[in-house]
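So you can see what is in the structure, the chains are spelled out below.
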Amino acid sequence: MLVSTSELFKKCYGRYGIAAVNVWDMEQIHGLFAAAQKANSPFIIQTTPVARNYASSEMLIAMISAAAKIYPKTVFAIHLDHGNKEHAFQSILSGDYTSVMIDASHEPFDENVKITKEIVEEAHKKSISVEAELGVLSGVEDDLVVDEKNKKYTQPDEVVEFVEQAGCDSLAVAVGTSHGAYKFSGKQGLQFDILEEIQQKLPGFPLVLHGGSAVNKDEIQRINAAGGQLGIDAKGVSDKEIIKAIQFGVCKINIATDARLIWTRVVREFFKYSPAQFDPIVPGKSYMEAFEKFCIKKFELFKSTGKASEFKS
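The protein has the name Ketose-bisphosphate aldolase in an unreviewed UniProt entry, where Maribellus comscasis is given as its organism.

This is the structure in structure tokens:
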């Protein structure tokens, strides 16, 4: 069942988090929907501009629509992640999305407000909510590259002015995470003092945590054992930090890197340990099963298991 993103946030705020999972292929979509139906958990399925260019937005939406029929007990919203103006306007006009993100966080404050407001005005005409970003996350995700030196935490003193002027419905905040597999250096972790101050200034307002993957050490070790060369010092967001962040108003936790790591591990092990096979269905099934198990664990961690029933009455 397709629901609005804002409806998800109203129900979950301060109680549980919503997994917002980036997808780019059929296997992921199957795994995600199967997990959500088993766990009776609401979720957000996300497409990025790069994924839309790769598979085409029509193909992705068609697969999502098909999955909703195959798994009829699911409750979900559809979101454009890290949209630029072109993709944001396309997604709004298509009528396929319940929410869009406009990422103008790399622009000066006033320009970020201007661009975000422009998207908000169009989106709200169709009852589509808008996520904006204030502050800049470092790292790499799809074709988004931000140097560590350009990382800028969200300034709590700016959040009220930004939300009031831009009119956005949720806000992605930079509080210590990064895009990609190298989320923290040393013992940095999430900056809960900043997150707490933001919540105090925006009480009840939905916050979004980008770079929410855990970066499982076991996955990296298995990838490298099967021929990969990923850095062993990669570090993600810990379970304890995620649980604490939800208490401070984080409603939406973005997941992308973990999905890529699982895919890489499954495919590398397939070719290493089954060198005589060449049928893509074999690793495809393994990936669906592995991703389903992963998503169920995330729903349990975010305490969203069983909460889909809240939207079905």
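And the narrative resumes.
Pulling in residues and values, what's your account of the overall build of the protein?
Counting its secondary structure elements, the protein contains 12 helices and 10 strands. Compactness check: the protein gives a C-alpha radius of gyration of 19 Å against a globular reference of 20 Å for 313 residues, within 12% of the reference. Over its C-alpha atoms, taken along the principal directions, the protein stretches across nearly 60 × 45 × 35 Å. Out of the 313 residues in the protein, the part that is buried amounts to 56%.

Describe in detail the environment of Trp24, supporting the description with residues and values.
By secondary structure assignment, the location of Trp24 is in the loop between β1 (18–22) and α2 (26–39). Not counting the four nearest positions on each side in its chain, Trp24 is found in contact with Ala51, Tyr54, Ala55, Leu60, Ala259, Arg260 and Tyr287. A distance of 3.3 Å separates a polar atom in the side chain of Trp24 from a polar atom in the side chain of Asp25.

Any details on the UniProt feature "binding site: Zn(2+) 2" (unreviewed entry) in the protein? Residues and values, ideally.
Residues given the UniProt feature "binding site: Zn(2+) 2" (unreviewed entry) here are Asp103 and Glu133. In sequence the annotated residues extend across 31 residues, while in space they remain close, none of their C-alpha pairs exceeding 5.8 Å. Mapping Glu133 onto the fold places it in strand β5 (residues 129–134). Note on Glu133: relative accessible area 1%, which makes it buried.

Describe in detail the side chain of Asp25, supporting the description with residues and values.
Residue placement: Asp25 occurs in the loop between β1 and α2. Side-chain polar atoms of Asp25 contact the backbone nitrogen of Glu27, separated by 3.4 Å. Apart from the residues lying within four places of it in its own chain, the contact partners of Asp25 are Met63 and Tyr287.

Describe in detail the pattern of salt bridges, supporting the description with residues and values.
The tally for this structure, following the rule as stated, stands at nine salt bridges. The partner of Asp157 in a salt bridge is Lys201, and the shortest N-O contact between them spans 3.8 Å. Highlighted residues: Asp157 in helix α7 (residues 156–166) and Lys201 in helix α8 (residues 192–201), separated in sequence by 44 residues. Residue Asp157 is classed as exposed on the basis of its relative accessible area of 62%. What makes Lys201 partly exposed here is its relative accessible area of 35%. With a shortest N-O distance of 2.8 Å, Arg265 and Glu219 are connected by a salt bridge.

With reference to specific residues and values, describe the UniProt feature "binding site: dihydroxyacetone phosphate" (unreviewed entry) in the protein.
Following the UniProt record, one finds the feature "binding site: dihydroxyacetone phosphate" (unreviewed entry) at Gly180, Gly211, Gly212, Ser213, Asn254, Ile255, Ala256 and Thr257. Within the fold, Ile255 resides in strand β10 (residues 250–255). We classify Ile255 as buried; its relative accessible area is 1%. The residues touching Ile255, leaving out its near neighbours within four places in the chain, are Ala19, Ala20, Val21, Asn22, Ser213, Phe294, Lys298 and Phe302.

Please give an account of the layout of surface pockets that cites residues and values.
Here the largest pocket is characterised by a volume of approximately 460 Å³. Top element by residues in the lining of the largest pocket is helix α12 (residues 281–301). It accounts for seven residues. Looking at the lining of the largest pocket, its residues break down into seven nonpolar, three polar and eight charged.

Reading the values: rules and limits
- Residues numbered from 1 in each chain as written.
- Predicted model: local features only at pLDDT ≥ 70, side-chain atom pairs only at ≥ 80, totals over all residues.
- Heavy atoms only, no water.
- Helix = DSSP H or I, 4+ residues; strand = E, 2+ residues; numbered from the N terminus.
- Rg over C-alpha atoms; globule rule 2.2 N^0.38 Å.
- Buried < 20%, exposed > 50% of the residue type's maximum accessible area, 1.4 Å probe, protein only.
- Contact = heavy atoms within 4.5 Å.
- Polar contact = N/O pair within 3.5 Å; in protein donor to acceptor, adjacent residues only side chain to side chain.
- UniProt positions renumbered as here; feature names shortened; annotations may be inferred.
- Salt bridge = Lys/Arg side-chain N within 4 Å of Asp/Glu carboxyl O.
- 1 Å grid on protein atoms, 1.4 Å probe; cavity = no way out; pocket = protein on both sides within 12 Å on 5 of 7 lines; lining within 4 Å.
- Points joined across faces, edges and corners; volume = space filled by probe spheres on them.
- Nonpolar A, V, L, I, M, F, W, Y, C, P; charged D, E, K, R; others polar.

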